[in-house]
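Each chain, written out:
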Amino acid sequence: GDSVTQMEGPVTLSEEAFLTINCTYTATGYPSLFWYVQYPGEGLQLLLKATKADDKGSNKGFEATYRKETTSFHLEKGSVQVSDSAVYFCALSVASGSARQLTFGSGTQLTVLP
Amino acid sequence: DTGVSQNPRHKITKRGQNVTFRCDPISEHNRLYWYRQTLGQGPEFLTYFQNEAQLEKSRLLSDRFSAERPKGSFSTLEIQRTEQGDSAMYLCASSLVAGLGRHEQYFGPGTRLTVT
């Protein structure tokens, strides 16, 4: 079946540090890949997405590139801020299935210290 | 666009009681999903609706769980004879599926269920 494995947390960084959260996937079809973010007390928000190999998704300074050869979709940001503190989830959706439900990783808690 | 809303936000119930949650999707969205999230884990798919039709259920959805989406608008998720293992965050998401385009799911804030 489909699965997502992401870097375990928690991750603690100082403000302006470089961030990488690793994500790898296994999929039976050709997936779309997503990063969702969950701020404290709020619902999941789509951060960025990529729908085909070599696509780069980007938003709010975050980037991730769809690497089919390594089945990876690592999240990066060059300079994190305190406001980026949240839980980050990598997810996939396979278009060949009618449901197109999301399969999530277990999440990575990020804390950014001033 | 008022977003996806869920009620109640928190529910505490005793084991064996029935509970019902409600989800109001984004108004023009034709697809609605339910997920369950336990502490320290990512959300897991439970079921989804295309308009008013429930088209798929995961193995996680035992026969104590039932979901409806009358008239293709809001949805309810009912859990009968709750067990402590049902304690989790229940998330609702909606999306607009049109043709072959990739569609995004928008999530509500969730209903946190605690079974004592």
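In short, a report on the structure. Quick caveat: nothing in here was measured; it's all calculated off a predicted structure.

1. Looking at the overall build of chain A
Then, number 1: On a plain count of helices and strands, chain A comes out with zero helices and 12 strands.
Then, number 2: Reading chain A from its N terminus to its C terminus gives the helix and strand order β-β-β-β-β-β-β-β-β-β-β-β.
Then, number 3: For 114 residues, the compact-globule estimate of 2.2 N^0.38 gives 13 Å, and chain A sits close to it at 14 Å.
Then, number 4: With respect to the principal axes defined by its C-alpha atoms, chain A has extents near 45 × 30 × 20 Å.
Then, number 5: The buried share of chain A, taken over its 114 residues, is 46%.
Then, number 6: Restricting to contacts in chain A with at least 6 residues of sequence separation, those with at least 24 account for 55%.
Then, number 7: Summing over all exposed atoms, chain A offers an accessible surface of approximately 5100 Å²; the carbon and sulfur share of this is 48%.

2. Observations regarding the nonpolar core
Then, number 1: With 27 residues, the main nonpolar core has Trp35, Leu47, Leu48, Phe73, Leu75 and Tyr88 of chain A as its most contacted residues.
Then, number 2: The set of elements that each furnish at least two residues to this core consists of β2 (11-14), β3 (19-21), β4 (23-26), β5 (31-38), β6 (44-50), β8 (62-65), β10 (86-94) and β12 (108-113) of chain A.
Then, number 3: Per element, the largest residue contribution to this core is five residues, and it comes from β10 of chain A.
Then, number 4: Residue contacts for Leu75 of chain A: discarding those within four places in its chain leaves Leu19, Thr20, Ile21, Trp35, Leu47, Leu48, Phe62, Glu63, Ala64 and Tyr88 of chain A.
Then, number 5: Cys23, Ala67, Ala88 and Tyr90 of chain B belong to the second largest nonpolar core, which has 19 residues in total.

3. Topic: the interface of chain B and chain A
Then, number 1: Taken together, the contacts link 22 residues of chain B with 19 residues of chain A.
Then, number 2: For the chain B and chain A pair, buried surface summed over both sides reaches about 1700 Å², with 49% attributable to carbon and sulfur atoms.
Then, number 3: Counting every contact that joins chain B to chain A gives one salt bridge.
Then, number 4: Counting the contacts that link chain B with chain A gives four residue pairs in polar contact (both at pLDDT 80 or more).
Then, number 5: If you list the elements that add at least two residues to the side of chain B that touches chain A, you get β4 (31-37) and β5 (44-50) of chain B.
Then, number 6: Of the residues belonging to the side of chain B that touches chain A, the class tally is nine nonpolar, eight polar and five charged.

4. Quick look at the pairing of β8 of chain A
The two faces of a sheet get side chains in turn, since along a regular strand they alternate between them.
Residue and element names in this part refer to chain A.
Then, number 1: With four bridges connecting them, strand β7 (residues 56-59) and β8 associate as antiparallel partners. By the bridge assignment for β8, Gly57 is matched with Ala64.
Then, number 2: Bridge count for β8 against strand β9 (residues 75-77) is three bridges, and the pairing is antiparallel. Opposite Ala64, over in β9, you have Leu75 as the bridge partner.

5. Description of the side chain of Arg64 of chain B
Residue and element names in this part refer to chain B.
Then, number 1: Along the chain, Arg64 falls in the loop between β6 (53-57) and β7 (65-68).
Then, number 2: Its relative accessible area of 11% is what places Arg64 among the buried residues.
Then, number 3: A polar side-chain atom of Arg64 sits 3.2 Å from the main-chain carbonyl oxygen of Arg81.
Then, number 4: In contact with Arg64, other than residues within four places in its own chain, are Glu78, Ile79, Gln80, Arg81, Thr82, Glu83 and Asp86.

Calculation notes
- Residues numbered from 1 in each chain as written.
- Chains lettered and ligands numbered in written order.
- Predicted model: local features only at pLDDT ≥ 70, side-chain atom pairs only at ≥ 80, totals over all residues.
- Heavy atoms only, no water.
- Helix = DSSP H or I, 4+ residues; strand = E, 2+ residues; numbered from the N terminus.
- Rg over C-alpha atoms; globule rule 2.2 N^0.38 Å.
- Buried < 20%, exposed > 50% of the residue type's maximum accessible area, 1.4 Å probe, protein only.
- Contact = heavy atoms within 4.5 Å.
- Areas by Shrake-Rupley, 256 points an atom, 1.4 Å probe, with all protein chains shown as cover.
- Core = buried A, V, L, I, M, F, W, Y, C linked by side-chain atoms within 4.5 Å.
- Buried area = accessible area lost by both parts, 1.4 Å probe.
- Salt bridge = Lys/Arg side-chain N within 4 Å of Asp/Glu carboxyl O.
- Polar contact = N/O pair within 3.5 Å; in protein donor to acceptor, adjacent residues only side chain to side chain.
- Nonpolar A, V, L, I, M, F, W, Y, C, P; charged D, E, K, R; others polar.
- Pairing = 2+ DSSP bridges.

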